[in-house]
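A structural walkthrough
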Amino acid sequence: MAGTQSKSSGGRAKSATKARGAMKNVPALAEFSKDEELNAYREMLFIRRFEEKAGQLYGMGLIGGFCHLYIGQEAVVVGMEMAKEKGDQMITSYRDHAHMLACGMDPKGVMAELTGRSGGLSKGKGGSMHMFSKEQEFYGGHGIVGAQVALGTGLAFANRYKENGKVSMAFFGDGAANQGQVYESFNMAKLWNLPVIYIIENNRYGMGTSVERASSTTDLSQRGASFGIPGVQVDGMDVRAVKAATDYAMEWCREGNGPYILEMITYRYRGHSMSDPAKYRSKDEVQKMRSEHDPIEQVRARLLEKEWSSEDDLKAIDKEVRAVVAASAEFAQNDPEPDPSELYTDIVL
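The text that follows walks through the structure, step by step, so that each part is easy to find.

Calculation rules
Residues numbered from 1 in each chain as written. Predicted model: local features only at pLDDT ≥ 70, side-chain atom pairs only at ≥ 80, totals over all residues. Heavy atoms only, no water. Helix = DSSP H or I, 4+ residues; strand = E, 2+ residues; numbered from the N terminus. Buried < 20%, exposed > 50% of the residue type's maximum accessible area, 1.4 Å probe, protein only. Core = buried A, V, L, I, M, F, W, Y, C linked by side-chain atoms within 4.5 Å. Axes fitted to C-alpha atoms, helices over the stretch in contact; angles between N-to-C directions. Left-handed = near helix turned anticlockwise from the far one by under 90°. Contact = heavy atoms within 4.5 Å. Nonpolar A, V, L, I, M, F, W, Y, C, P; charged D, E, K, R; others polar.

**Looking at unusual backbone geometry**
Here the phi dihedral of Glu137 falls at roughly 55°; this positive angle occurs in a residue that is not glycine. The residue Glu137 is located in the loop between α5 (107-114) and α6 (147-162) in this model. Given a relative accessible area of 16%, Glu137 falls into the buried group.

**A short note on the nonpolar core**
By size, the foremost hydrophobic cluster in this structure holds 71 residues, and its most contacted members are Met80, Ile197 and Leu262. In terms of nonpolar packing, the next biggest core, distinct from the first, is built from 20 residues, Ile91, Leu155, Ala170 and Ala189 among them.

**Description of the packing of helix α2 (residues 34-59) against helix α11 (residues 295-305)**
One can describe the packing of α2 onto α11 by two numbers: an axis separation of 9 Å at closest approach and a directional angle of 145°. Of the two possible hands of crossing, α2 and α11 adopt the one that is left-handed. In contact with Glu37, Leu38, Tyr41, Met44, Leu45 and Arg48 of α2, α11 contributes Pro295, Ile296, Val299, Arg300, Arg302 and Leu303. Across the contact of α2 with α11, the residue classes tally to 8 nonpolar, no polar and 4 charged.

Okay, here's the thing in structure tokens:
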């Protein structure tokens, strides 16, 4: 018995040493080629223009219920998508439109779901917070704070059971980082060394409460330390930093080392939802982030500085993106509403 305990303790110590090393070895920035910079620019701009249009439709009364916009946080999901392999899964919270677009879901279907139309990706029955695509390995936005973390852990369990080499990515916010089920998930994930990356999108405010007022420890990347899960803080406003950190975390998981935590330090420019006037922060704070750290403007500046694009080239990309978004909005406004019979489909009686 004593020999068994000693061997187990030695294994835990070795694992802890490896985890500490994993927190030091994450590269700061990925080196992007011209094509990668252009792709990042286009994808982030597409998400922003889509979310701006969604905000407009909400203001016109065409989108009901809650609507949580991702404006300002685009680098997180785009950088992570660039590091994904086919078959890797995503699951996230209610701030989910960008994740759907990044993984290739039809923008017309996304916008039509926001307006509750039959051509929506959930047939108009899910709305802003509850879309899903098995084809794109997107397992939904979830309205219950923190609920998706346990489900993302379950996806990782399935990957390990099938030995398919795939990684699950579970996104949640700084507010959800204080939920109990998150830590139950951490424990199970490390106990079984599941291939899951926990992405904490720390946009500084859980609804209207700053992270400093809500969390006794604000380095959320270390929330898995007691379970032996390594983690790092990442500049979530720089798509290169996101890509580099995700590449590292993906390799960590695929090698069988278990879960990894990436705390993306980011910022949302809009309120928590469309009904939030965001009076808990100053306009100067938001403007400072926009002017000094905007994820899209950073890429734009690099493209111009390296002469990989001209102002006219970038204007042409914006025009193309706006056309796609406009077509999505047009479809979403003219597509018919679901037939009342849809109330009785896709349910278990």
